[in-house]
Amino acid sequence: MEYEVRFYYDTNEISKIIDLLKEIPELHSNGRIYEKTIQYNHTDPRYDFYTKEIDGRFRLRVSKNDLTNKCKLSWKQRTKNTTKDIVNEEIEKEVRINANDVDNFIYIIENVMHFTVVESYERYRTIFENNDIEIAVDEYPFGICLEIENKSIDKDPKEIVKYWTNRLGLDIGTSYRLSWDDKYEELCHEQDIDCYKEVTFDKKMPIINNKFN
């Protein structure tokens, strides 16, 4: 089970957020990494991942920088309790894949299993973490997402998320309850901008005007 909250900010707020996290001695970071994520859907309508009954995301993600190149397959599903509390509660399962096998794996998903591509996106991610918490700063083409996720195995996960949210001076009641794609679509509709299936840095994107602290 995953417990987390997310906040979205203007792209120009990135330095302010990173600088604050660097000043917290309990946290360490392995640097900035590029990620490309492809989200798929089942071809059988009985198992449509995006229905309200299932409400899940089946994703293949490649992460790389000068020091690492890795890939994972993940399933993330909202529970009935996801937005009932101030901390999001979701099911998440992950499988690591050898980075050298990514192209073959994509071939099997798309040409053998015939899963359909719903959307894809790219971002840069910087993670600050310790044994209790993972704080990710995600640079999307349309703005910054600050994600605070529990990593403790023996402490109350919701209390961990609440503590670190307060530690950063944030109001947990203003966190965004849904996924990046929900936020992106909302922004496109609000600003009357084309909503792309592939969200990349070279396309015209909506803008988030929210400031950090």
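Here we summarise the structure given alongside this text.

Cut-offs applied
Residues numbered from 1 in each chain as written. Predicted model: local features only at pLDDT ≥ 70, side-chain atom pairs only at ≥ 80, totals over all residues. Heavy atoms only, no water. Core = buried A, V, L, I, M, F, W, Y, C linked by side-chain atoms within 4.5 Å. Buried < 20%, exposed > 50% of the residue type's maximum accessible area, 1.4 Å probe, protein only. Contact = heavy atoms within 4.5 Å. 1 Å grid on protein atoms, 1.4 Å probe; cavity = no way out; pocket = protein on both sides within 12 Å on 5 of 7 lines; lining within 4 Å. Points joined across faces, edges and corners; volume = space filled by probe spheres on them. Helix = DSSP H or I, 4+ residues; strand = E, 2+ residues; numbered from the N terminus. Nonpolar A, V, L, I, M, F, W, Y, C, P; charged D, E, K, R; others polar. Salt bridge = Lys/Arg side-chain N within 4 Å of Asp/Glu carboxyl O.

1. Some points on the nonpolar core
In a soluble, globular protein the nonpolar side chains are often hidden away together inside.
Moving on, step 1. In terms of nonpolar packing, the biggest core is built from 25 residues, with Leu21, Ile135, Val137, Leu146 and Ile148 touching the most fellow members.
Moving on, step 2. When sequence neighbours within four positions are dropped, the list of residues in contact with leucine 146 reads Val5, Arg6, Phe7, Tyr9, Ile17, Leu21, Ile135, Ala136, Val137, Leu168, Leu170 and Phe212.
Moving on, step 3. Listed in part, the 15 residues of the second largest apolar core include Tyr40, Leu73, Ile97 and Val102.

2. Some points on the layout of surface pockets
Moving on, step 1. The computed volume of the largest pocket comes to approximately 840 Å³.
Moving on, step 2. Arg61, Lys72, Arg125, Ile127 and Glu134 are, among the 41 residues lining the largest pocket, the residues nearest its centre.
Moving on, step 3. When contributions to the lining of the largest pocket are tallied by element, the ones reaching two or more residues are strand S1 (2-9), strand S2 (28-41), strand S3 (56-64), strand S4 (69-78), strand S5 (88-97), strand S6 (116-129), strand S7 (133-140) and strand S8 (143-150).
Moving on, step 4. Considering each element in turn, the lining of the largest pocket owes the most residues, six residues, to S2.
Moving on, step 5. Looking at side-chain class alone, the lining of the largest pocket contains 11 nonpolar, eight polar and 22 charged residues.

3. A short note on empty space enclosed by the protein
Moving on, step 1. Inspection of the entire model under this criterion finds one cavity of 30 Å³ or more.
Moving on, step 2. For the largest cavity, the full set of lining residues is Arg6, Asp55, Gly56, Arg57, Lys76, Gln77, Arg78, Glu90 and Ser179.
Moving on, step 3. Elements with a minimum of two residues in the lining of the largest cavity: S3 and S4.
Moving on, step 4. Considering every element that reaches the lining of the largest cavity, the biggest residue donor is S4, with three residues.
Moving on, step 5. The class makeup of the residues in the lining of the largest cavity is no nonpolar, three polar and six charged.

4. Things to note about the pattern of salt bridges
Moving on, step 1. Taken as a whole and assessed by the stated rule, the structure comprises 26 salt bridges.
Moving on, step 2. Note that lysine 155 is salt-bridged to aspartate 132, the shortest N-O span being 2.8 Å. With lysine 155 in the loop between S8 and helix H3 (157-167) and aspartate 132 in the loop between S6 and S7, the pair connects residues that are 23 residues apart, well separated along the chain.
Moving on, step 3. We classify lysine 155 as partly exposed; its relative accessible area is 43%.
Moving on, step 4. One salt bridge connects lysine 151 with glutamate 149, and the closest N-O pair in it is separated by 3.3 Å.
Moving on, step 5. Classification of lysine 151 by relative accessible area gives partly exposed; the value is 38%.
Moving on, step 6. Taken together, the shared-partner salt bridges connect Glu2, Glu4, Arg6, Glu35, Arg61, Lys76, Glu90, Arg123, Arg125, Asp138 and Glu147 into one network.

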